[in-house]
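Fold and contact review
Letter by letter, the chains look like this.
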Amino acid sequence: MAAGGGGGGGIADEKAPEAFGLSRHVAEAEMEEEHGSGEPSVKSKLSGLLWHGGSAYDAWFSCASNQVAQVLLTLPYSFAQLGMLSGILFQLFYGLMGSWTAYLISILYLEYRTRKERDKVDFRNHVIQWFEVLDGLLGRHWRNAGLAFNCTFLLFGSVIQLIGCASNIYYVNDRLDKRTWTYIFGACCATTVFIPSFHNYRVWSFLGLVMTTYTAWYIAVASLVNGQVEGVSHSGPTRIVLYFTGATNILYTFGGHAVTVEIMHAMWRPQKFKSIYLLATVYVLTLTLPSAAAAYWAFGDALLTHSNALALLPRTRWRDAAVVLMLIHQFITFGFACTPLYFVWEKLIGLHDCRSLCKRAAARLPVVVPIWFLAIIFPFFGPINSAVGSLLVSFTVYIIPALAHMVTFKSPQARENAVERPPRFAGGWTGAYVINSFVVAWVLVVGFGFGGWASITNFVQQINTFGLFAKCYQCPPHLAAPPAAPFAPPPMAPAMPPATAFNATRFFFPPVPAPAPAPSPMMQFFLRHHHHRHNGRHGL
């Protein structure tokens with residue numbers, strides 16, 4: 001099981017599951033038990049089936065499940081900003097580009113790990129991360145840049161999942177506002193501190209992908225069955241700001257390979273990862289294209305003010321099931337985004353090789369607190385995706401991997417001794433350099449430049465419209481009870497102090513079915529105050 005260069009435990013001949021951290025010790029104990037008893041126990045069989053994953057199939061499920069979660073619900077919103085044709089083309093284009101840069105990350109990981117194994121470095125109790133790959137191949141300046149961008153992206157990626165949880169559950173139970181739901185799901189998502197590593201996401205990755213598959217096809221089928229709404233229009237693109245905002249949301253969609261290194265390190269044979277991300281992207285496109293296109297066809301420009309596609313679909317048990325399943329998947333994806341942050345924090349405080357699950361879980365909790373807080377400050381479901389995509393994803397998983405690959409193999413000697421050479425269909429080394437240069441130029445200009453400008457402009461507009469700490473972002477207004485009266489309340493303030501008037505009428509006077517011909521000032525204030533208390537600040 002050693003990952004060092006000697007003893008037959010290297011990357012080229014791994015045959016036994018390589019577990020890390022806490023899971024490594026559990027796996028070793030179970031393997032010893034199996035060898036000692038002569039046949040696997042029921043406990044070890046069940047643990048291997050549900051808990052200890054490291055095959056190529058596990059990696060595929062992890063990549064596909066992590067790549068598409070809450071962003072699936074915002075892609076129809078992006079189609080309304082881009083238009084149907086641009087939305088489809090950008091999905092195909094960024095899906096291909098994301099697969100290429102994920103391939104580059106996997107090559108750099110193999111290069112780094114092979115070099116370290118030649119120096120007899122043992123990784124059995126250490127999870128390799130992207131910033132360590134950059135440090136080992138290119139030095140501390142690259143490490144610092146990679147660490148800063150990667151951690152910030154994963155931090156806001158976790159924030160987005162938490163915002164998505166609150167946004168979705170509101171469409172099943174609107175008795176609580178979205179901010180309160182954020183408090184609740186923040187506490188629920190904090191339980192991911194008990195999952196040791198990506199090696200232990202086997203059953204979760206599978207379930208997450210099944211749940212997202214249901215949600216995607218529900219959106220597609222429900223949109224087609226319900227048909228186009230009355231007066232539907234498809235005017236996108238109408239503004240350049242909205243156009244590039246939608247494009248960067250798709251850039252974010254296919255930029256989920258910030259955890260590629262951790263997923264590879266959890267594999268028994270990491271060298272098999274090369275084409276896994278591309279295959280995962282192909283499957284993801286079968287979910288994102290039909291659902292986004294069908295929802296945009298059915299609702300058109302109405303999606304511009306409803307960044308969550310579920311908000312426009314009629315409430316049925318099928319929609320409620322989609323919401324619940326998506327909530328569970330977002331919990332899983334929160335763990336995917338947070339686990340690398342847990343590793344970084346453990347290494348910083350010196351607990352990464354600790355064998356106690358409880359100690360590591362307690363040490364990880366401070367990582368969840370800023371995520372919780374940021375989700376309450378910026379509850380802008382949809383616009384925040386584009387901002388993160390343009391400012392963070394553009395560098396983390398597109399520009400830095402492409403530049404790192406070119407710099408790592410710039411010398412003839414490095415290319416000659418490379419563990420993995422670029423495929424022939426890509427044009428070898430020359431073709432790889434051309435593709436990498438194009439990726440860097442395109443993402444820097446279109447993704448970070450135009451996309452950053454458009455996303456920040458839209459994000460600031462959301463802040464100006466709804467404010468920070470928005471209680472219920474884009475919530476539909478509740479109807480006041482009783483129904484609206486034929487008269488309008490006078491602009492004058494009531495004589496009674498507000499708190500006294502409100503408490504007295506709520507306690508002593510129940511709502512009446514119809515307004516009195518000449519209502520008292522106290523009752524007028526009650527009606528107005530009751531209306532504002534239920535509506536709060538709602539969306540467009």
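Note that the coordinates shown come from a computational prediction; the quantities given were computed from them, not determined experimentally.

Our next topic: a nonpolar patch on the surface. Taken together, the side chains of I240, L391, L444, V445, F448, F450, W453, I456 and V460 make up a nonpolar region of the molecular surface, amounting to roughly 740 Å² of accessible area. Residue contributions to the nonpolar patch peak at 7 residues, all from helix α17 (residues 428-466). By the element assignment, V460 lies in helix α17.

When you line up the elements, T396 lands in helix α15 (residues 383-408). Classification of T396 as buried rests on a relative accessible area of 2%. Within the structure, T396 has its side chain in polar contact with the backbone oxygen of F149 (distance 3.2 Å). Those residues in contact with T396 that sit more than four places away from it in its chain are W130, F149, N150, F153, A258 and P401.

This next bit is on the packing of helix α5 (residues 84-118) against helix α12 (residues 276-299). In a pair of packed helices, the angle between the axes and the distance between the axes together describe the arrangement. Two numbers describe how α5 lies on α12: the axes approach to 10 Å, and their chain directions differ by 165°. Taken together, α5 and α12 sit at an angle that is classed as roughly antiparallel. Seen along the crossing, α5 lies across α12 with a hand that is right-handed. Here M84, I88, Q91, L92, G95, G98, S99 and A102 of α5 lie close against α12, whose contacting residues are Y277, L278, T281, L285, T288, L289, A292, A293, Y296 and W297. The residue makeup of the contact of α5 with α12, split by class, is 12 nonpolar, 6 polar and no charged.

With an omega of 0°, the peptide bond between G236 and P237 qualifies as cis. Even without a glycine there, the phi angle at K120 is positive, about 65°. Among the structural elements, K120 can be located in the loop between α5 and α6 (130-138). K120 sits in the exposed class, given a relative accessible area of 60%.

The next thing to look at is the nonpolar core. Core analysis: the largest hydrophobic core is formed by 133 residues, its most contacted members being V133, F273 and Y398. If we ignore the near neighbours within four places in the chain, the residues touching Y398 are Y94, M97, G98, T101, L251, F254, G255, V393, V439 and V443.

This paragraph deals with helix α8 (residues 178-189). Its 12 residues give α8 an end-to-end C-alpha distance of 16 Å, which sits within 8% of 16 Å, the value for a rise of 1.5 Å per residue. Within the span of α8, buried status applies to K178, W181, T182, F185, G186 and C189. Buried residues along α8 cover an arc of 140° about the axis, so they all sit on one side. Where α8 is buried, its residues meet α7 (140-169), α13 (317-349) and α14 (357-377).

Moving on to the pattern of salt bridges. With the rule as written, the count across this model stands at 10 salt bridges. Salt-bridge contacts for E117 lead to R113; the nearest nitrogen and oxygen are separated by 3.2 Å. Of the two residues, E117 and R113 both sit in helix α5, 4 residues apart, roughly one turn of that helix. In this structure E117 comes out as buried when scored by relative accessible area, which is 5%. With a relative accessible area of 0%, R113 lands in the buried category. Put simply, E416 and R421 hold a salt bridge, and the shortest N to O gap is 3.8 Å. Taking the relative accessible area as the measure of exposure, R421 reaches 43% and is therefore partly exposed. One network of salt bridges, with partners in common, ties together E346, R360 and R364.

The predicted model of the protein has a mean per-residue pLDDT of 79, with 76% of residues at 70 or higher. When the elements of the protein are averaged for pLDDT, helix α18 (residues 498-508) gives the smallest value, 37, and α12 the largest, 95. The low-confidence segment residues 1-37, where pLDDT is below 50, has 90 contacts with residues more than four positions distant or belonging to other chains. Predicted confidence for residues 479-540 stays below pLDDT 50, and this span has 50 contacts to residues more than four positions away or in other chains.

What the rule picks out here adds up to 20 aromatic pairs. Seen from their ring centres, Y112 and F123 are 6.3 Å apart, and the 45° between their planes marks the pair as tilted. Here Y112, found in helix α5, pairs with F123, found in the loop between α5 and α6; they are 11 residues apart in sequence, far enough to count as distant. Under the relative-accessibility criterion, Y112 is labelled buried at 8%. When the centroid spacing of 6.0 Å and the interplanar angle of 45° are considered together, the rings of W181 and F185 count as tilted. Here F185 and W181 lie together in helix α8, a separation of 4 residues that amounts to about one turn. Residue classification places W181 among the buried residues on the basis of a relative accessible area of 11%. Cluster of aromatic residues (ring-pair linked, three or more members): F90, F93, Y94, Y243, F244, F438, W442 and F450.

Reading the values: the criteria
- Residues numbered from 1 in each chain as written.
- Predicted model: local features only at pLDDT ≥ 70, side-chain atom pairs only at ≥ 80, totals over all residues.
- Heavy atoms only, no water.
- Patch = residues over 30% accessible without salt bridge, like charges linked within 9 Å, V, L, I, M, F, W, Y side chains within 5 Å.
- Areas by Shrake-Rupley, 256 points an atom, 1.4 Å probe, with all protein chains shown as cover.
- Salt bridge = Lys/Arg side-chain N within 4 Å of Asp/Glu carboxyl O.
- Helix = DSSP H or I, 4+ residues; strand = E, 2+ residues; numbered from the N terminus.
- Buried < 20%, exposed > 50% of the residue type's maximum accessible area, 1.4 Å probe, protein only.
- Polar contact = N/O pair within 3.5 Å; in protein donor to acceptor, adjacent residues only side chain to side chain.
- Contact = heavy atoms within 4.5 Å.
- Axes fitted to C-alpha atoms, helices over the stretch in contact; angles between N-to-C directions.
- Parallel < 35°, antiparallel > 145°, perpendicular 65-115°, else oblique.
- Left-handed = near helix turned anticlockwise from the far one by under 90°.
- Nonpolar A, V, L, I, M, F, W, Y, C, P; charged D, E, K, R; others polar.
- Core = buried A, V, L, I, M, F, W, Y, C linked by side-chain atoms within 4.5 Å.
- Expected span 1.5 Å × (residues − 1).
- Arc of directions from axis to C-beta.
- pLDDT = per-residue confidence, 0-100.
- Phe/Tyr/Trp six-rings, centres within 6.5 Å; stacked < 30°, edge-to-face > 60°.

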